Amino acid sequence: MSTGTITTPQLASCTPSRAARELGLKRGEFDLAAHLGLVRPLPDEGGGGRRVPLSEIERLRADKNFPDSLRARVKTVGTTEGAALMDVPVGRFARLARLGLVTPVTYYLNRYRAVVWLYLAEELRQFAADEKNTTLLNARMPENLRGQLDAGVDLRPRNWRGRHRGFLLRQADDAWQRAGILAGFLEPAHISQVVPDPYERSHLNRFRPAPPAHGAPGSPAANLAVRIMTADDPDEIAWLRAELAATLEEARRNRPAPRPAPKEARAAVEPAASVPQLPAVPRPPRRLLGWLRRRNDRATGL
């Protein structure tokens, strides 16, 4: 019975990599399809990450327009191709993107470590087809929007963070995971202020998502990915802090963060650890202390 319990889910599902091959998608396209809800992976009960039910693959392959219909829904384009799809100059498209009127779905870093934003082709077509956007596409930009552009506004990173955060939150299974996802978009200093308890922070860090992989950890590309992932707008930071605090309250009610046993209980089962004695540091001569104090007074102007 135990053998059937373990192997049946494995036989009825497959890894994301195999699912991508079965659906005729690149791995990045498959991940985007999962984020968009076009493919619905499920958690692996064995703790090995998400798996894709074979029935889900069969459902998608049953579409009479497969695989073209699925590929079209995950097709992404950059600024030049996006401008062509919307029949506008490249400069106009870039301005619409900086104003947040079209939202990137992902990005990559080119060889010069410049950020290249990518957009869903299907969304751009819908934006261009909407009659309410005709003025934005063909007429002179309204004064208020031109003022924002002159002030240097660029909402692409913030809008990408919001979209990516939504993708991750839809896959979360409980409040601790949702809290960890929210924390993943904040600087450590903000997290420490919202979550002063070190044991809660340690538990929360288990669920913090890493930025999309760009280079080896600590490399310039990876550091740039961290900056893009981290909120820098005051309103965005305030919202994230409030949401993190509220989600943590829910998480604490459902399941407190794990903590070490009380000292008394640990002492009963663990021998006391010996603390190494550090050698005594000799006190500097009084003349040297006086000289250092006078130098410090001169440096501070006292």
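This one's a predicted model, so the numbers in the text were calculated from it and none came from an experiment.

Criteria and cut-off values
- Residues numbered from 1 in each chain as written.
- Predicted model: local features only at pLDDT ≥ 70, side-chain atom pairs only at ≥ 80, totals over all residues.
- Heavy atoms only, no water.
- Helix = DSSP H or I, 4+ residues; strand = E, 2+ residues; numbered from the N terminus.
- Buried < 20%, exposed > 50% of the residue type's maximum accessible area, 1.4 Å probe, protein only.
- Contact = heavy atoms within 4.5 Å.
- Areas by Shrake-Rupley, 256 points an atom, 1.4 Å probe, with all protein chains shown as cover.
- Phe/Tyr/Trp six-rings, centres within 6.5 Å; stacked < 30°, edge-to-face > 60°.
- 1 Å grid on protein atoms, 1.4 Å probe; cavity = no way out; pocket = protein on both sides within 12 Å on 5 of 7 lines; lining within 4 Å.
- Points joined across faces, edges and corners; volume = space filled by probe spheres on them.
- Nonpolar A, V, L, I, M, F, W, Y, C, P; charged D, E, K, R; others polar.
- Pairing = 2+ DSSP bridges.
- Salt bridge = Lys/Arg side-chain N within 4 Å of Asp/Glu carboxyl O.
- Axes fitted to C-alpha atoms, helices over the stretch in contact; angles between N-to-C directions.
- Parallel < 35°, antiparallel > 145°, perpendicular 65-115°, else oblique.

Caption draft 1: Inspection of the overall build of the protein at higher detail. Summing up its helical and strand segments, the protein has 18 helices and six strands in all. Counting all 302 residues of the protein, 33% fall into the buried class. Nonlocal contacts in the protein, meaning residues at least 24 apart in sequence, comprise 66% of its contacts between residues at least 6 apart. For the protein, the accessible area works out to roughly 19000 Å², and carbon and sulfur atoms hold 53% of it.

Caption draft 2: A look at the packing of aromatic side chains. For the structure on display, the rule yields three aromatic pairs. Judged by centre distance (5.2 Å) and plane angle (85°), the ring pair of Y107 and W160 falls under edge-to-face. With a gap of 53 residues between them, Y107 in strand β5 (residues 106–109) and W160 in helix α11 (residues 156–171) connect regions that are remote in the sequence. The exposure class assigned to W160 is buried, which follows from its relative accessible area of 2%. Here the aromatic cluster, defined as three or more aromatic residues joined through ring pairs, consists of Y107, W117 and W160.

Caption draft 3: Spotlight on the layout of surface pockets. Within this model, the largest pocket holds a volume of roughly 970 Å³. Only α3 (27–35), β5, α11 and α12 (175–183) provide two or more residues apiece to the lining of the largest pocket. With eight residues, α3 is the single largest residue contributor to the lining of the largest pocket. Its residues placed into classes, the lining of the largest pocket shows 18 nonpolar, seven polar and seven charged.

Caption draft 4: Highlighting the sheet that holds strand β1 (residues 13–14). Taken together, the three strands give an open sheet; going across it, the order is β1-β3-β2, and neighbouring strands pair in antiparallel fashion. Either end of the sheet is taken by a strand with one partner, and the two such strands are β1 and β2 (42–43). Pairing geometry for β2 and strand β3 (residues 50–53), over two bridges, is antiparallel. Its bridge partner lying in β3, P43 is registered against R50.

Caption draft 5: Quick peek at the environment of Y107. Overall, Y107 belongs to the buried group, its relative accessible area being 4%. Not counting the four nearest positions on each side in its chain, Y107 is found in contact with V115, V116, W117, L118, W160, P212, H214, A225 and I228.

Caption draft 6: Looking closely at α12. Judged by how many residues are buried, α12 sits mostly within the fold: seven of nine residues are covered. Contacts made by the buried residues of α12 are with α11, α13 (188–194), α14 (198–205) and α16 (234–254).

Caption draft 7: Spotlight on the pattern of salt bridges. Going through the model one piece at a time under the given rule, you end up with 18 salt bridges. Put simply, D154 and R156 hold a salt bridge, and the shortest N to O gap is 2.8 Å. Residues joined in a network through salt bridges with shared partners are R161, R165, D232 and E236.

Caption draft 8: Structural context of unusual backbone geometry. The omega angle of the peptide bond from F66 to P67 is 0°, so this bond is cis rather than trans. Phi at R113 is positive, roughly 60°, even though this residue is not glycine. Examined against the element boundaries, R113 turns out to sit in the loop between β5 and β6 (115–120). R113 gets classed as partly exposed once you look at its relative accessible area, which sits at 46%.

Caption draft 9: Representation of the packing of α11 against helix α15 (residues 220–229). It is at 9 Å that the axes of α11 and α15 come closest, and there the two elements cross at 85°. Classified by the interaxial angle, the pair formed by α11 and α15 is roughly perpendicular. Contact residues: α11 offers W160, R161 and H164, while α15 offers R227, I228 and M229. Residue composition of the contact of α11 with α15, by class: three nonpolar, one polar and two charged.

Caption draft 10: Looking closely at the pairing of β3. With two bridges joining them, β1 and β3 adopt antiparallel strand pairing. Its bridge partner being in β3, C14 is matched across the sheet by V52.

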